[in-house]
Each structure stands twice: as structure tokens, then as C-alpha cells.
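# An overview of the molecular structure
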Amino acid sequence: MPMPKNNVRKASTVQKVTLPGAKSTKAACKKKDEEEGVDTGDGWDEWSHGKTLIKPPEQLELTEAELKEEITRILTANNPHAPQNICRYSFKERSYKPTSVVDQMTVHFVMEGSLVYQDSNEARRLEGLPEETVKASTEAHPDEEKPDTPVTPVEDEGEAEEAGEEDRPDSAASKADKKEPKVTNQFNFSERASQTLNNPLRERSCQTEPPPRCIFSATANQWEIYDAYVAELQIQEKNKEKQKTIQLKKDGDKSKKKMMLTEAQNDDINKVGKVSKIFERMVNQNTFDDIAQDFKYFEDASDESRGQQGTILPLWKFQYDKTKKLSVTALCWNKKYPDLFSVGLGSYNFTKQGRGMLVFYSLRNSAFPEYIYPTSSSVLCLDIHKQHSYLVAVGFYDGCVAVYNLKEEGQEPVYKSTAKTGKHTDPVWQVCWQNDDMDNNHNFYSVSSDGRVVSWTLIKNELVFTDIIRLSLSAGLEDKQSAQQASTACGTSFDFHKQIDYLFLVGTEEGKIHKCSKTYSSQFLETYVAHSMAVDTVKWNHFHPNVFISCSSDWTVKIWDHTINTPMFTFDLNAAVGDVAWAPYSSTVFAAVTTDGTVHVFDLSINKYEPICQVQVVAKQRLTHIEFNPIYPIIIVGDDRGYVTSYKLSPNLRKKQKMKKGQEQPKGPEVEVSKMEKLLSLLREPEQNTV
């Protein structure tokens, strides 16, 4: 397409303006080349012909057809990485629709430059030209853009250039009289430099004094060496004690810091903690208001028509989601707070042992536990201190015993036995708090399958153990051969006398019950051949000093007088008995649970042969433990699914003896002792007559 001549003229004039010395430089270069005789074309041919092409050995050898084959590649402006399945929501059709418009542009490199076009107004201002030339240039450009101005045809390029020089006010001729500012180069270049201060160097030097020297000489004998060793041992022991105290201080400081951090973090939660607990209890009491009303006021009127028989009324059911696969292995009421009780959870399946848990429930809130302590081993027994109700002793399947403090934060026990501090080598079946020793240190006892009855004393920050007695199978045998072959007996339960401090009973896995004393560790005071299987529970009566009860998996519950070797009462419950407990309000009432899910309640003053209440409370579960509340007329029962259920005793199960008109109802423990004594006298009379 032919271009108009006026455009050619404009281009030439623009060149003149941009490079005013271009014409002269071209002529000078031509003249220089002619003088030097440089011929670029000939030299190039000679250089190219002088080199031979070396073919690499790995190059493919292609045929003529392959060499002549044309391979076409089509370059498109489409982005191969652009997604083709973009969907957008259409508010008109209320659904997602695929969009066909895809952004194909991809930016590979962006850099903001500082170059300015030389003929622009901004460049002229930067070069420092006067404003008149800037205005003239701005007026000249609109004139050039007008297509209607007539242009005379120019034949010679030189004339056109001369005419252009005459027409433009900013041409080289017009600039001759004016002084041009100094420009470093044809681009917009500015040179800037800065210098930083160097930091002054400093020299530091130090000189140490040589260590002092002294000459020592002495002669050593055995006594001096011995004394030196003894002094060194004393120093080491002192250092150990110091390290312990320092470590304790550090641990105390760390715990304080952690407490401060947790208090700072959970300050808002702690402020509403008690309030939220109260609200939770209020909500639960409103939700289970009918159960709370039954607990306080309901008395089963149908007992009058039943005669001497009684019933139990189910109340609250306590469960925790994380204990569903564990069995209830221990129950204990808090003596100071009668609405609070603790539950030990573990497993009686000793081929599948795992974790355990110690949980505390309150009758005021059955939905969630008050305290939760997860353990690495199964909990098999526990006991709450009578005076200091925040201390809880726990026995584990792995042979350890521990003491938890409910006042302390955290889920770890404050005391725990280890292999170094004399822990049991077999499962611990029962623990029991005893009165403080002469130094007012708390202590408790434990019995285990390893045959040891151990006393544990809480001294400072550690448990100190003392072996009270070691159970053996050969205690009553006189044969030497049998004595040599004798082995230790496995203890499964024990209980301390309520009035005589040193007297206690130990039940064994062989079915025997041993009467022992804290002061005699070499022999038993008495041995009772009680059951044909392991003695699961043995307990002294709360009122009568001579009576105790025992139960076993051989389906029997037996009541004993510790002065007589034979049982006073024997009850067959037609199923393995898991636990038995005396009632705290009567010397003749006790309850037992069996593995078939039945609760049996006996009152010997009413019926000496059969239970006055026999109720199957669960169908598929096995009942493991039972406990009477020390104040309220309720019992709690645990099963092998981790559930604990509370029941209220009907009036027939806790009624007192009827007195004649005008007689006052006797009160005090002497009445309960006399009730049991009457029953025992009936059984003792025939023996005395025969004697």
C-alpha cells in the first residue's frame, strides 16, 4: 500500500530533530571506511570458507526425504494452563453455568522503567529547555497531525531537510544562537553517588594470670584412705540433697509459672467456672426433678401389703462416654460430702489389659463427672480418707499404688510407688486408710497377689513402704517337706477392725481367711477355711466387734464370729457373688450383688434364711460392686459396662423394731450390738448344751 508523501516528509523532519548530528556522523564514517579499505563482504566469505564443520558422533543421520520433510508448528495465543471448566453462578437461572470466556493472557515479566521519549514534553522539561520552545513544540505537533494542509511534492531529500530546518522553530539552525544544556547522553541519565561511613576499628586484649601452684607431698595409709572415702561420700550425699531441694524449687517455680500462665489465659473461664457448674446442676435437677422428688420424699406405700418384703426404687444412672468399655472395679463414698462418691474403672479380663480411669460423681449432677483422672493401668481398688476427704488412695493392676489430691490441679497423682520404692509385683486388690502414725504422717495399707500386706507412709514427697506380713500356704502345716515346697499365698481382700486397731483380716485366692496382727508378722492369729474359691470381699461389722462377713465366686455369702472357726450363717445365692456390704444403719442388714444382675438385701433380724429383697436390676450386664450411702437410704451398684446406678431402699428394708406403747425407741450402737448378739446366742446355745 503506497504511503502519502506528506508522511515521508514528516518522518524525515522528525529524524532531523532527534539526531541533529546524524548526517555529519554518517558522512564521516563513510569517508573513514573508504580510506581504510575495509571490505566486510569479502572478509566474511574467506572466514566462513576457512572453517570445516565437525559432525558430532551422536548426531542422527537423516535421509534426503527426512531432511526435506516440512514440520509445521502453529503458534497460537491460547494459554495451555488456563482452566477450561470454570463455572459461575447464574442468579438469573439460579444454577452454576460453565463460562466459555477464558482469560488467555499470561504476564511473564513486568518492570517499571524510567525512560522517557526524547521528543515528548516531559523530556524537554527535564532537559531544561525554556518554556517558549516547549510551547512551540506543543503547537507544532497539532499542526503536523492535520491531514488537510497542502503539501508540495519534494524531489530531493536534501531540500526537504533544509525546508524542515527552516520551518521548525526548534531545529538546529534556530538553536545556533541559543546555548544548549549539557546532556550526558541521548537517554535521560542521571548519575548519583553516595558514600557510607566506615565504622572505626577497636582493639581489645586481655591477659590472664597464671594459675597458682603449690607443692604437696604426704604419705597415705589405709585409715587415711578410708576417712577420705567416707568424707567424699558425705559430700556426695549433701550434694544430692541440695540438688533435690533445688529441683523441687525449680519444679515449684515452673508449676507456679504454669499456673500463672494458665490463670492468665483462662481467667475469663475461671470467673464463670463456679457459676456454670451451679447452672449445670440447676438444669440437671430441673430435668430430673421427678427423680430428685423421689429421692427426698417418696416412700413406697405398697410395703404395707408386702409384709416383710421390700423393694428398691431406681434413681439416677451415672455414665461417662469414655468409660463404656471399662468395668466398675471399685466404689467408695465420701464421708465428709455424702453426695459425692468415687468410681474406679478398669478390666477384670486380664488377657486384655489397658487403660483405666478414676472418676468422681455427685448426686447433684448425674450427667457429667465432677473429677476425671485417666490412668495408664486399670484401677482395681480405691479408698477415700475419712478426715481428709480430698486424699484418695488407689491400687492398680500393674502393682503400683498412688495417692491423688483433689485440691491439686492436673491429672497426675501426688504420690506413686515405683520399683525402687517397693511396689507390688502383682495386681493390688484392696487399699485402706489407717490412723496417722506417731509423727502425724498419713498412712494406708495395701494387699496384693504377690502375698504382701504393705504399709505406705506419706513422708514429704515420697511413699515409704513397710512390709507388715507375707502370706504363705504353709502357715498351719507342720510337715517339713510341705514347708519346703510352700509358696506364697495370693491376697485378694482385707479389712481392719473398727475398734481394735492392730487386728485385721486377709482373704486369699485359695479361699482361706487369715486373722492377722500388725505386731506379729511371722504367723497368723487364726485361719478360717471359708470358701472353695477366691475370697472376693471380707468386711467387719460396723457395730458388733466379733462379726465379719465374706463372699466368694463359689455362690456363697458367709457370716462369721472371729472367735469360732465355723461360719454362723451361710447363704447360697445361685450365682457368683461379686461384692457384699454391711448397712451403716443396722447391724443385721447387708446387701450383695451377683453376676446374673441381681441385688440381694438381707435383714437377719427379720429373716435368717432368705433375702427380704431380691431384684434383678440388669439383664445382660454383670454386677461387680455395691456400696451403702453413709447417711441417705440409697445404694449404688456398678456393672461391667462402666455404668453406676443408684437405688432407694423401701421402708421395709430400713425399718426399726416396733416398741410397745409407752416405751421409747432405744438409740445408739448398743441397740444394734444387742440385736446381733441375740442372733448369735441362738446359734451358740446348742453348742453350749452339748458341751
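Predicted model, so just to flag it, every value in this text is computed and none were measured.

### A short note on the overall build of the protein chain
In terms of regular secondary structure, the protein chain is built from 14 helices and 30 strands. For the protein chain, with 691 residues in total, the buried portion stands at 35%. Partitioning the contacts of the protein chain with sequence separation of at least 6, the portion at a separation of at least 24 is 49%. With the model as given, the accessible surface of the protein chain reaches about 47,900 Å², and the carbon-plus-sulfur share is 52%.

### Comments concerning the side chain of Ser 378
Within the secondary structure, Ser 378 sits in the loop between strand 7 (371-375) and strand 8 (379-384). By relative accessible area, which is 0% here, Ser 378 ends up buried. At 3.5 Å, the side chain of Ser 378 and the backbone nitrogen of Ser 347 are in polar contact. A polar contact is formed between the side chain of Ser 378 and the side chain of Gln 353, at a distance of 2.7 Å. Not counting residues within four places of it along the chain, the set of residues in contact with Ser 378 comprises Leu 345, Gly 346, Ser 347, Gln 353, Gly 354, Arg 355, Gly 356, Gly 395, Phe 396 and Tyr 397.

### Topic: the packing of aromatic side chains
The geometry of an aromatic ring pair comes down to the distance between the two centres and the angle between the two planes. For the structure shown, the criterion picks out 27 aromatic pairs. Measuring from ring centre to ring centre gives 5.5 Å for Tyr 320 and Phe 368, while their planes differ by 90°; the resulting arrangement is edge-to-face. With a gap of 48 residues between them, Tyr 320 in the loop between strand 3 (312-318) and strand 4 (327-333) and Phe 368 in the loop between strand 6 (356-362) and strand 7 connect regions that are remote in the sequence. The exposure class assigned to Tyr 320 is buried, which follows from its relative accessible area of 11%. Between the aromatic rings of Tyr 373 and Tyr 404, the centroid separation amounts to 5.1 Å while the plane-to-plane angle is 50°, which identifies the pairing as tilted. With Tyr 373 in strand 7 and Tyr 404 in strand 10 (residues 401-405), this pair connects stretches of sequence that are 31 residues apart. Owing to a relative accessible area of 4%, Tyr 373 belongs among the buried residues under this scheme.

### Focus on a nonpolar patch on the surface
Together, Val 272, Val 275, Ile 278, Phe 279 and Met 282 make up an exposed nonpolar region whose accessible area comes to about 470 Å². Inspection of the secondary structure puts Ile 278 in helix 10 (residues 273-287).

### Some remarks on the sheet that holds strand 6
Taken in spatial order, the 4 strands of this open sheet run 4-5-6-7, and their pairing is antiparallel. Where the open sheet ends on each side, the last strands, each with one partner, are strand 4 and strand 7. Here the strands of the sheet are splayed against their neighbours by 20° on average, with no regard to which way each runs.

### A word on the pairing of strand 10
Across the 5 residues of strand 10, 5 count as buried, placing the element largely inside the fold. Across the two faces of strand 10 the burial is the same, with Val 401, Val 403 and Asn 405 and Ala 402 and Tyr 404 all buried. The pairing of strand 9 (residues 391-396) with strand 10 spans 5 bridges and is antiparallel. Across the sheet, residue Ala 393 finds its bridge partner in strand 10, namely Val 403.

### Concerning helix 11 (residues 289-297)
Every buried residue of helix 11 is listed here: Ile 291, Ala 292 and Phe 295. Buried residues along helix 11 cover an arc of 100° about the axis, so they all sit on one side. Opposite the buried face of helix 11, at more than 90 degrees from it, the exposed residues are Asp 290 and Tyr 297. Close packing links the buried residues of helix 11 with strand 3, strand 29 (634-639) and strand 30 (644-649).

### Observations concerning the confidence of the model for the protein chain
Considering every residue of the protein chain, the mean pLDDT works out to 77; 76% of them sit at 70 or more. Within the model, pLDDT remains below 50 along residues 687-691, and this stretch shows 0 contacts once partners closer than five positions in the same chain are excluded.

### Section: the pairing of strand 12 (residues 428-434)
In terms of burial, strand 12 is largely enclosed, as 5 of its 7 residues are buried. Across 6 bridges, strand 12 lies against strand 13 (residues 443-448) in antiparallel orientation. Note on strand 13: the bridge partner recorded for Val 431 is Ser 446.

### A short note on the environment of Asp 467
The topology assignment puts Asp 467 in strand 15 (residues 462-470). For the pair Asp 467 and Gly 422, spaced 45 residues apart in sequence, the C-alpha to C-alpha distance is 9.2 Å. Excluding anything up to four places from it in sequence, Asp 467 contacts Arg 452, Val 453 and Val 454. A polar contact is formed between the side chain of Asp 467 and the side chain of Arg 452, at a distance of 3.0 Å. Reaching out from Asp 467, the side chain makes a polar contact with the side chain of Arg 470 at a distance of 3.4 Å.

### Description of the nonpolar core
In this structure, Trp 316, Phe 341, Val 343 and Val 644 are the most contacted members of the largest nonpolar core, which totals 21 residues. Among the elements of the structure, helix 11, strand 3, strand 4, strand 5 (340-346), strand 6 and strand 29 are those that each provide at least two residues to this core. Not counting residues within four places of it along the chain, the set of residues in contact with Phe 341 comprises Phe 318, Cys 332, Trp 333, Asn 334, Val 359, Phe 360, Tyr 361, Leu 363, Ile 636 and Val 644. Membership of the second largest hydrophobic core comes to 20 residues, among which are Phe 569, Leu 573, Ala 592 and Met 676.

### Remarks on the sheet that holds strand 10
Hydrogen bonding along the main chain pairs the strands of a sheet, whether they run parallel or antiparallel. Within the open sheet, the 4 strands sit side by side as 8-9-10-11. Their pairing is antiparallel. Of all strands in the sheet, those with a lone pairing partner are strand 8 and strand 11 (415-416), marking the two edges.

### Details of the pattern of salt bridges
Here the structure, examined in full by the defined rule, presents 10 salt bridges. Among the ionic pairs, Lys 97 bridges to Glu 93, the shortest N-O distance being 2.9 Å. The residue Lys 498 makes a salt bridge to Asp 495 at a minimum N-O spacing of 3.4 Å. Asp 495 gets classed as buried once you look at its relative accessible area, which sits at 10%.

### A look at unusual backbone geometry
Here Arg 94, not a glycine, exhibits a phi torsion of approximately 60°, which is positive. Among the secondary structure elements, Arg 94 is positioned in the loop between strand 1 (87-90) and strand 2 (95-98). Given a relative accessible area of 69%, Arg 94 falls into the exposed group. The backbone of Lys 460 shows a phi angle near 55°, a positive value even though the residue is not glycine. Its location among the elements puts Lys 460 in the loop between strand 14 (452-459) and strand 15.

About the criteria used
Residues numbered from 1 in each chain as written. Predicted model: local features only at pLDDT ≥ 70, side-chain atom pairs only at ≥ 80, totals over all residues. Heavy atoms only, no water. Helix = DSSP H or I, 4+ residues; strand = E, 2+ residues; numbered from the N terminus. Buried < 20%, exposed > 50% of the residue type's maximum accessible area, 1.4 Å probe, protein only. Contact = heavy atoms within 4.5 Å. Areas by Shrake-Rupley, 256 points an atom, 1.4 Å probe, with all protein chains shown as cover. Polar contact = N/O pair within 3.5 Å; in protein donor to acceptor, adjacent residues only side chain to side chain. Phe/Tyr/Trp six-rings, centres within 6.5 Å; stacked < 30°, edge-to-face > 60°. Patch = residues over 30% accessible without salt bridge, like charges linked within 9 Å, V, L, I, M, F, W, Y side chains within 5 Å. Salt bridge = Lys/Arg side-chain N within 4 Å of Asp/Glu carboxyl O. Pairing = 2+ DSSP bridges. Axes fitted to C-alpha atoms, helices over the stretch in contact; angles between N-to-C directions. Arc of directions from axis to C-beta. pLDDT = per-residue confidence, 0-100. Core = buried A, V, L, I, M, F, W, Y, C linked by side-chain atoms within 4.5 Å.

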